[in-house]
Amino acid sequence: MAAAIRHLTATTSASSFAMRREALAVATPRRWATAVASGQTLGGRGGRVYGRTGALGIKAGMIAEFDRWGTRHELTVIQLDNCQVVQVKEEATNGYTALQLGICDAKEKNVTKPLRVHYSKAGVKPKRKLGEFRVAEDGILPVGTQIHATHFVPGQLVDVCGTSKGKGFQGAMKRHNFAGQRATHGVSKTHRAIGSTGMCQDPGRVFKGKKMPGRMGSDRVTVQNLWVYKINPQRNLLFVKGHVPGVAGGFVRISDAVKGARFPTDAPYPTYEKGAMADGDLYAPLPDDDPNKPSEDDE
């Protein structure tokens, strides 16, 4: 099936688009349903659907908020601080289609000379962080286009990728959740030690990948299917339910959930066209009935 998908996605004629749609609807139903719902088109390799771009953000911290039904939601606040398109990569020149985004204006003295030339050619201010997102051919945006928080839809699901907190050198109990040795009865000064790691004469070595003490954290982590509870258009803030990897002030990547974004309304494609901002916050749709009300069976 993977070979068939690659063959279908390699064709570029308009007449074969319907055949590719039917084949991918069977092979990847959730991804295709998400793409159709947001107006996305096909692209990429191996049957993967590339549609609109994601965004770069800054993790501001966490808060809690109660909705109108009294349910408490733990929210992570992500700020899209002047996220702009810096470079467009096309199939003819780069071999693939993608957008390079930059976030958070930086002082020119803190940017290397090669990057200064890169930003000056693009006509944008130097950025603190760059990131790249694969897109479809009709998802390309002009250089300098700003990605607002309203690029996303309240109530949709997103994937957030960041660098986890660094813990330094840690033992096996903290790093790998080992139970440790007994607290009494014969154990002397090795209560938190990992114990024997060697083998017998055959094979006479320690296998690669053995769980041992070592550096913990500072890994690339992706948390999938986070619910966008609220959007503040004026301050470019996203409020997603759940935790996001990294420290407050760290950079994260936000994109539509690959397992199905479940847009409650049509998503802006290829991005939000700047116009009259909505007054106040935009909230995700909530159920009409109180979810905390006991059912008749419980009574």
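Further up the page is the structure itself.
Residues numbered from 1 in each chain as written. Predicted model: local features only at pLDDT ≥ 70, side-chain atom pairs only at ≥ 80, totals over all residues. Heavy atoms only, no water.

Student: Residue-level account of the pattern of salt bridges, with values.
Tutor: For the structure on display, the rule yields six salt bridges. Here glutamate 74 and arginine 72 are joined by a salt bridge, their closest N and O atoms 2.9 Å apart. Taking relative accessible area as the criterion, arginine 72 reaches 44% and is therefore assigned partly exposed. Within this structure, Glu65, Lys230 and Asp281 form a network of salt bridges that share partners. (Salt bridge = Lys/Arg side-chain N within 4 Å of Asp/Glu carboxyl O. Buried < 20%, exposed > 50% of the residue type's maximum accessible area, 1.4 Å probe, protein only.)

Student: Tell me about the sheet that holds strand β4 (residues 98–105), and name the residues and values.
Tutor: The sheet built from three strands is open, its strands ordered β3-β4-β5 with antiparallel pairing. Strands with a single pairing partner mark the edges of an open sheet, and in this sheet they are β3 (84–89) and β5 (127–134). Mean inter-strand twist for the sheet, computed between neighbouring axes without regard to direction, equals 25°. Bridging between β4 and β5 involves seven bridges; their strand directions are antiparallel. Bridged to leucine 101 within β5 is glycine 131. In this fold helix α5 (residues 113–122) packs onto β3, β4 and β5, with an angle of close to 95° to the strand it touches most, β3. (Pairing = 2+ DSSP bridges. Helix = DSSP H or I, 4+ residues; strand = E, 2+ residues; numbered from the N terminus. Axes fitted to C-alpha atoms, helices over the stretch in contact; angles between N-to-C directions. Contact = heavy atoms within 4.5 Å.)

Student: Run through the environment of valine 158, naming residues and quoting values.
Tutor: Among the structural elements, valine 158 can be located in strand β6 (residues 157–163). Here the alpha-carbon distance between valine 158 and aspartate 256, two residues 98 residues apart in the chain, equals 4.6 Å. Beyond its immediate chain neighbours, meaning those up to four positions away, valine 158 contacts Phe152, Val223, Gln224, Asn225, Leu226, Val228, Val240, Ile254, Ser255, Asp256 and Ala257.

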